[in-house]
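Residues per chain, in single letters:
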Amino acid sequence: MTPLTKIDHLYFKREDQNITGSAKDRALPLQVQNLIQEGYTSAVISSTGNAAISASFYCQQANIPLTIFVSPKIKEEKISLLKGKIIKSPKPISDAIKFSKSNHAYLLRQSTDPIAKIAYGQIATEILMQLPNLTSIFIPVGSGTTLLGISLVLPENVKIFAVQPASNPTISSAFVTQYTKENDTITDALSVKYLPLKREIDAGLLKKEMPRFAEFASAAKNEFEARSKLWNLLNHYELLNLFDEKPWDIYKITRSIRGYDV
Ligand SMILES: Cc1ncc(COP(=O)(O)O)c(C=O)c1O
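Calculation rules
- In this numbering scheme, every chain counts its residues from 1 along its sequence in written order.
- Given that the model is predicted, a residue must reach a pLDDT of at least 70 before its local features are reported, and side-chain atom pairs must reach 80 or more before they are shown or counted; all residues, however, enter totals for whole chains, interfaces and linings.
- Each domain span listed reflects an automatic or database assignment of domains.
- Any two residues are considered in contact once their C-beta atoms, placed from the backbone, lie within 7 Å.
- Any residue that is not Ala, Val, Leu, Ile, Met, Phe, Trp, Tyr, Cys, Pro, Asp, Glu, Lys or Arg is counted as polar, Gly included; the first ten are nonpolar and the last four charged.
- Strands are treated as partners if at least two bridges between them are detected by DSSP.
- Going along the chain from the N terminus, every DSSP run of H or I of four or more residues is numbered as a helix, and every run of E of two or more is numbered as a strand.
- What we call a nonpolar core is a set of buried Ala, Val, Leu, Ile, Met, Phe, Trp, Tyr and Cys residues whose membership is set by joining through C-beta atoms within 7 Å.
- Counting other C-beta atoms within 10 Å of a residue's C-beta gives its exposure: the residue is buried at 20 or more, exposed at 12 or fewer, and partly exposed in between, where C-beta atoms are placed from the backbone.
- The predictor rates its confidence in each residue with pLDDT, a number between 0 and 100.
- Take the number of residues in a helix, subtract one, and multiply by 1.5 Å to get its expected span.
- As used here, the arc is the angular range of directions from the helix axis to the C-beta atoms.
- The path from the first strand over the helix to the second decides the hand: if it runs clockwise while the strands point away from the viewer, the crossover is right-handed.
- All axes are obtained by fitting lines to C-alpha atoms, using only the stretch in contact for helices, and the reported angles, taken between N-to-C directions, cover 0 to 180 degrees.
- Any angle that falls under 35 degrees is termed roughly parallel, while one over 145 is termed roughly antiparallel, one within 65 to 115 roughly perpendicular, and all others oblique.
- By the definition used in this description, the sense in which the near helix is turned from the far one sets the handedness, with an anticlockwise turn below a right angle giving left-handed and a clockwise turn giving right-handed.

Comments concerning the domain arrangement of the protein chain
- Each assigned domain of the protein chain is listed with its residue range as follows: domain 1 (24-114) and domain 2 (131-257).
- Here the C-alpha centre of domain 2 lies 30 Å away from the C-alpha centre of domain 1.
- Taken together, the six residues of domain 1 in the interface contact seven residues of domain 2.
- Grouping the amino acids of the side of domain 1 that touches domain 2 by side-chain chemistry returns one nonpolar, five polar and no charged.

Encoded structure:
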């Protein structure tokens, strides 16, 4: 279990204390175990950072040859941490996908491997043991895989804040429309262009917010405007069945969808 560090009133979950120094160690050992069980004998990943470092470590431990596709812009000091066959490519993601198909290599991509999503739930399980009265959690988001894994385990009453750089707010911009756009970011790990899990994440977060939206829509001064905005959002995520429900009923429905006893 990774420790918590308390600074002022905030607790930091120290995922840097995992073996290779990041939360990726939650998923990669399980993904490697799964690829062996499924009969694969090699793996491929496209990453410039923590995921590739973690994949290198666990593939080496399991004697699985790993091919790593990286962008030509990768910094040399990062390359020195990677153990595997490194291929520089201007399109590392699509090349890794093609490579996995043509070489029958297991694709260790976090956002498309369901094992990864489930593995990140460990972080939530630990936090609930360490902080049983948790009220809110802030999660840095790139592809959103970590956020989704954590949100599937947390109880409904815990507020989830998706934290993204204002240069690339792929998920948070659906919820917060007024923000100052930035051109640069210091967090290159969070600037993910393609998000295979985007719909699932947006719909999940939206379902969590629904009771509050419904309350807002019925209390808003201009109920027509509030409801037409809500209608568009729900229609987009195929959640129109919740449109006319009362906040408490929505709460009960969304809990039962996720397998809780209401
Ligand atoms: C340090 C750090 N924080 C957050 C993230 C975001 O993770 P996810 O892609 O699961 O949203 C990453 C992903 O690479 C990361 O390296």
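Quick look at the sheet that holds strand 5 (residues 85-88)
- In spatial order, the strands read 5-4-3-6; together these four strands make up an open sheet with parallel pairing. Edge positions in the sheet fall to strand 5 and strand 6 (106-107), since each of these pairs with one other strand and no more.
- Inspection of the sheet shows strand 4 (residues 66-70) paired to strand 5 by four bridges, in the parallel sense. From the neighbouring strand, Ile68 faces strand 5, where its bridge partner is Ile86.

Here's the deal with the environment of His9
- Note on placement: His9 falls in the loop between strand 1 (4-7) and strand 2 (10-13).
- Residues His9 and Ala119 lie 110 residues apart in sequence; the distance between their C-alpha atoms is 28 Å.

A word on the nonpolar core
- If you look at the biggest cluster of nonpolar residues, it comprises 41 residues, and the most contacted ones within it are Ala43, Ile45 and Ala55.
- Taken together, the elements giving at least two residues each to this core come down to helix 1 (24-37), strand 3 (43-46), helix 2 (50-61), strand 4, helix 5 (114-130), helix 6 (145-153) and helix 7 (198-219).

Structural notes on the confidence of the model for the protein chain
- Summary statistics for the protein chain give a mean pLDDT of 85 and a share of 91% for residues scoring 70 or more.
- Ranking the elements of the protein chain by mean pLDDT puts helix 9 (residues 247-257) last with 69 and strand 6 first with 97.

Brief notes about helix 4 (residues 92-103)
- The end-to-end C-alpha separation of helix 4 is 16 Å, in line with the 16 Å expected for twelve residues at 1.5 Å each.
- What helix 4 keeps buried is the set Pro92, Ala96 and Ser100. Axial view of helix 4: buried residues confined to an arc of 75°, hence all on one face. The exposed residues of helix 4 that point more than 90 degrees off its buried face are Lys101 and Ser102.
- Check the buried side of helix 4 and you find it contacts strand 3, strand 4 and strand 6.
- Taken from the residues just after helix 4, His104 is the one with a positive phi, measuring 45°.

Description of the pairing of strand 8 (residues 159-163)
- The sheet contact formed by strand 7 (residues 136-140) and strand 8 spans five bridges and is parallel. Within the sheet, the bridge partner assigned to Ser136 lies in strand 8 and is Lys159.
- Running through helix 6, the crossover from strand 7 to the neighbouring parallel element strand 8 is right-handed.

Topic: the packing of helix 1 against helix 2
- The contact between helix 1 and helix 2 brings their axes to 9 Å, and the two run at 40°. Considering their axes alone, helix 1 and helix 2 lie oblique with respect to each other. In this structure, the crossing between helix 1 and helix 2 has a hand that is right-handed. Along the contact surface, helix 1 presents Lys24, Asp25, Leu28, Pro29 and Val32, while helix 2 presents Asn50, Ala51, Ser54, Ala55, Tyr58 and Cys59.
- Per-class residue counts for the contact of helix 1 with helix 2 are seven nonpolar, two polar and two charged.

Some points on the pairing of strand 3
- Residues Ala43 and Ile45 of strand 3 are buried on one face, and the alternating residues Val44 and Ser46, pointing to the opposite face, are buried as well.
- Pairing of strand 3 with strand 4 involves four bridges; the strand directions are parallel. The residue bridging Val44 from the neighbouring strand is Thr67, located in strand 4.
- Once you follow strand 3 into helix 2 and on to strand 4, the crossover reads as right-handed.
- Judged from the two bridges that link them, strand 3 and strand 6 form a sheet pairing that is parallel. Each bridged residue has a counterpart across the sheet, and for Val44 the counterpart in strand 6 is Leu107.

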